[in-house]
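A look at the structure
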Protein chains: 2
Amino acid sequence: MSSSCRPVPDVPDQPAFASAYEARQAIRRGEWVRHTSGLAPRNAQGNLVILPEKLATDFLRFCQRNPKPCPLLAVSEPGDPFLPTLGRDVNIRHDVPLYRVWRDGRMVEEVTDIASLWRPDLVSFLLGCSFSFEHALIDAGIELRHVTQGRNVAMYRTSIQTVPAGPFHGPMVVSMRPMTAANAIRAVQITARVPAVHGAPVHLGDPALIGIADIGKPDFGDPVDILPGELPVFWACGVTPQAVVMAAAPEFCITHAPGYMLITDLLNSDLALA
Amino acid sequence: MSSSCRPVPDVPDQPAFASAYEARQAIRRGEWVRHTSGLAPRNAQGNLVILPEKLATDFLRFCQRNPKPCPLLAVSEPGDPFLPTLGRDVNIRHDVPLYRVWRDGRMVEEVTDIASLWRPDLVSFLLGCSFSFEHALIDAGIELRHVTQGRNVAMYRTSIQTVPAGPFHGPMVVSMRPMTAANAIRAVQITARVPAVHGAPVHLGDPALIGIADIGKPDFGDPVDILPGELPVFWACGVTPQAVVMAAAPEFCITHAPGYMLITDLLNSDLALA
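If you're wondering where the values come from, they're calculated on a predicted model, not measured in any experiment.

Digging into the overall build of chain A
From N to C terminus, chain A includes 6 helices and 11 strands. Here chain A has a C-alpha radius of gyration of 18 Å; the compact-globule value for 274 residues is 19 Å, and the two agree. Expressed as a percentage of the 274 residues in chain A, the buried residues total 51%. By sequence separation, contacts in chain A at least 24 residues apart represent 80% of the contacts at least 6 residues apart.

Quick look at the interface of chain B and chain A
With 15 residues of chain B at the contact, the number on the chain A side is 15 residues. Among the secondary structure elements, those contributing two or more residues to the side of chain B that touches chain A are helix 5 (181-192) and strand 8 (203-204) of chain B. By residue class, the composition of the side of chain B that touches chain A is 11 nonpolar, 4 polar and no charged.

Topic: unusual backbone geometry
Residues and elements named next belong to chain A. Despite not being glycine, Ala-40 has its phi angle at roughly 45°, a positive value. Checked against the element boundaries, Ala-40 lands in the loop between helix 1 (20-28) and strand 1 (43-52). By the C-beta count within 10 Å, which is 22 here, Ala-40 ends up buried. With a phi close to 55°, Asp-89 is a non-glycine residue in the positive phi region. With respect to the helices and strands, the residue Asp-89 is situated in the loop between strand 2 (72-75) and strand 3 (99-103).

Digging into the packing of helix 5 (residues 181-192) of chain A against helix 5 of chain B
Two elements in contact, helix 5 of chain A and helix 5 of chain B, have axes separated by 9 Å at closest approach and are oriented at 75°. By the angle between their axes, helix 5 of chain A is roughly perpendicular relative to helix 5 of chain B. When helix 5 of chain A is examined against helix 5 of chain B, the residues A:Ile185, A:Val188, A:Gln189 and A:Ala192 are found in contact with a partner set consisting of B:Ile185, B:Val188, B:Gln189 and B:Ala192. Here the contact of helix 5 of chain A with helix 5 of chain B is built from residues that sort into 6 nonpolar, 2 polar and no charged.

Details of the domain arrangement of chain A
All names here are of chain A. Here chain A is partitioned into domain 1 (20-128 + 249-271) and domain 2 (132-240). Summarising the inter-unit geometry, the C-alpha centres of domain 1 and domain 2 are found 23 Å apart. Counting residues per element, the ones that place at least two in the side of domain 1 that touches domain 2 are strand 1, helix 2 (53-65) and strand 5 (122-128). Among the elements that line the side of domain 1 that touches domain 2, the one with the most residues is helix 2, at 5 residues. Class assignment for the residues of the side of domain 1 that touches domain 2 results in 11 nonpolar, 4 polar and 4 charged.

Notes on the relation of the copies chain B and chain A
When chain B is brought onto chain A, the operation consists of a screw motion whose angular component is 180° and whose axial shift is 0.0 Å, with 0.0 Å RMSD remaining. Each copy turns onto its partner about a two-fold axis. Minimal C-alpha separation from the rotation axis in chain B is found for B:Gln189, amounting to 2.9 Å. When the interface residues of chain B are mapped onto chain A, 100% of them again lie at the interface, so the same face is used by both copies.

As for the sheet that holds strand 9 (residues 230-236) of chain B
Residues and elements named next belong to chain B. Strand order in this open sheet of 4 strands is 6-7-9-8, and the pairing throughout is antiparallel. Each edge of the open sheet carries a strand with a single partner, namely strand 6 (154-161) and strand 8. The sheet contacts of helix 5 involve strand 7 (171-180), strand 8 and strand 9, and relative to strand 7 the element is tilted by about 130°.

Brief notes about helix 6 (residues 239-248) of chain B
Residues and elements named next belong to chain B. For helix 6, the tally of buried residues reaches 7 of 10 residues, placing the bulk of the element in the interior. If you check which residues of helix 6 are buried, you get Val-239, Thr-240, Pro-241, Gln-242, Ala-243, Val-244 and Val-245. Ala-249 lies just past helix 6 and shows a positive phi near 50°.

Describing the nonpolar core
Residues A:Met155, A:Val174, A:Ala184, B:Met155, B:Val174 and B:Ala184 are the most contacted members of the largest nonpolar core, which totals 164 residues. B:Ala184 has contacts with A:Leu204, B:Met179, B:Leu204, B:Leu231 and B:Val233, leaving out every residue within four places of it along the chain.

A word on the pairing of strand 10 (residues 253-256) of chain B
Residue and element names in this part refer to chain B. Burial along strand 10 is two-sided: Cys-253 and Thr-255 facing one way and Ile-254 and His-256 facing the other are all buried. Pairing of strand 1 (residues 43-52) with strand 10 involves 2 bridges; the strand directions are antiparallel. Pairing of Ile-50 across the sheet is with Ile-254, part of strand 10. Alignment of strand 3 (residues 99-103) against strand 10, held across 4 bridges, turns out to be antiparallel. Note on strand 10: the bridge partner recorded for Trp-102 is Cys-253.

Considering the confidence of the model for chain A
All names here are of chain A. With 94% of its residues at a pLDDT of 70 or more, chain A has an overall mean of 90. Element-level pLDDT for chain A is lowest in helix 3 (residues 131-139), with a mean of 85, against a maximum mean of 97 in strand 8 (residues 203-204). Within the model, pLDDT remains below 50 along residues 6-13, and this stretch shows 23 contacts once partners closer than five positions in the same chain are excluded. In the predicted complex, the global pTM is 0.81; the interface-specific ipTM is 0.74.

As for the sheet that holds strand 7 (residues 171-180) of chain A
All names here are of chain A. Taking strand neighbours across the sheet as the criterion, the 4 strands line up as 6-7-9-8 in an open arrangement whose pairing is antiparallel. This sheet does not close on itself; its edge strands, each paired only once, are strand 6 (154-161) and strand 8. Sheet topology places strand 8 next to strand 9 (residues 230-236); 2 bridges connect them, and they run antiparallel. When the bridges of strand 9 are listed, His-203 appears paired with Phe-234. Strand contacts of helix 6 (residues 239-248): strand 6, strand 7 and strand 9, with the helix running at about 160° to strand 7, the strand carrying the most contacts.

Considerations on the environment of B:Arg177
All names here are of chain B. As for its position among the elements, Arg-177 is in strand 7. The sequence separation of Arg-177 and Arg-145 amounts to 32 residues, and the corresponding C-alpha distance is 6.8 Å. Non-local contacts of Arg-177, meaning those with residues more than four positions away in its chain, are made with Leu-144, Arg-145, Val-153 and Val-233.

Re the environment of A:Leu273
Its location among the elements puts A:Leu273 in the segment after strand 11 (262-267). As a C-alpha pair, A:Leu273 and A:Thr191 span 82 residues in sequence and 10.0 Å in three-dimensional space.

A closer look at the environment of A:Asp222
All names here are of chain A. Relative to the helices and strands, Asp-222 resides in the loop between strand 8 and strand 9. On the basis of neighbour count, Asp-222 is assigned to the partly exposed category, with 15 C-beta atoms found within 10 Å. When the C-alpha atoms of Asp-222 and Met-155 are compared, they prove to be 7.8 Å apart, with 67 residues separating the residues in sequence.

What counts and how
Residues numbered from 1 in each chain as written. Chains lettered and ligands numbered in written order. Predicted model: local features only at pLDDT ≥ 70, side-chain atom pairs only at ≥ 80, totals over all residues. Helix = DSSP H or I, 4+ residues; strand = E, 2+ residues; numbered from the N terminus. Rg over C-alpha atoms; globule rule 2.2 N^0.38 Å. Buried ≥ 20, exposed ≤ 12 C-beta atoms within 10 Å, placed from the backbone. Contact = placed C-beta atoms within 7 Å. Nonpolar A, V, L, I, M, F, W, Y, C, P; charged D, E, K, R; others polar. Axes fitted to C-alpha atoms, helices over the stretch in contact; angles between N-to-C directions. Parallel < 35°, antiparallel > 145°, perpendicular 65-115°, else oblique. Domains from an automatic or database assignment. Least-squares fit on C-alpha atoms with pLDDT ≥ 70 in both. Pairing = 2+ DSSP bridges. Core = buried A, V, L, I, M, F, W, Y, C linked by C-beta atoms within 7 Å. pLDDT = per-residue confidence, 0-100.

So this is what it looks like as structure tokens:
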């Protein structure tokens, strides 16, 4: 499994579309089957999990109990493909560039549209993505090493257990960004203001204290350099709910393909506390 | 030199006075010549520096340039002993339990009233004190080791230089509180909201990175235990301006005696950002 929302850091100088709506329309027409990093950079992007209604209540409780790894931006009505709180005419059957279809916990295909797979019992969950807080960190002048090095962020399974709900349980997955102590302190302040996109870090300093045996060998993504005088800083990661759902092996499930996110009309700045 | 504002942690279950005003009145009458820790615990206490007007502008600029170690709560008019923004009938000539008088950078006496020493060119500076944020940390359930161990907080000279102004310059002094990474992250969030009392930490983790050679040997205060899995977390300390002023050796200066603070009518909660 790779990152839920950052395949290759790639923020173009000019957004490819005039608005999030325009981007979604192009995606719907099949004109953009690429990852969404850097598209409509002021807008929040979301991780998608679609489950049958009979599992939806358990998953909703799981998200409520684990808000740092599972920050819920929206939950649909059963069978309703529209997510009006996320933006103009958002139709989850068409508006993600690439979907993954899972049966009994195994990925069976990748598709660019799920209208033909739609069922009246499907419930869509949109979860906040760390793209949003990474923009805030970069805007604050904090170097993100994986961006500088052109790599995927480093992610690790931890000994921190999520709070279970129904069939959903498992370890928290975290992403790691190395930085100086001064920047770590600023990053805590900046990301604490965006609980809808993972919020403040869950750990910093000694990786062994959260069950990470070798910081040089991430479980997902790429290793990044930690320079002398830097601390590793760990945030709850959107890979957590994906891993938890797959481990529960639902008979049917649809997610976005890693990096191919739903672009919402919500501004990253709207997600920040006052 | 000892701590500017914490001689012996000692928070009684019941405040000794009904209000900060009552406490100041008792101090003015000479009925309370003891340290003020735990007196009117909901109220902010202040570090006092009184300087001749000819140095006051430089010191004001020094505080403006170094807000973390020198958070200014109030500055008086020259010769005016009243500080109306800090509380009802605050008269700086009487309302501190114990003062220190300095000439040419050397402490020459300790007195309980400075009316006889008053001059028309004296300017009073009141600086925020970490008592206020320590209450917020304790209220949040974060153990403060020096409180648990009944010690003074550990303080260290660092390699972090203050920004100079006129004759005022020198290294930042920091206080250190050990805690788990999870509590350190919460403590950053809590103390970032109180910039008037030192604000967010200036460092955490490796002490050597800020020039502290031996964490077991503080320059001021007492050493405290750092347990396995804990990080040292460092805040700018009110000892900094005291050390800077004494190093500048002004011909005349009055400060509070360490731990014998001005109790203001400001509530600690009033100092927090919304």
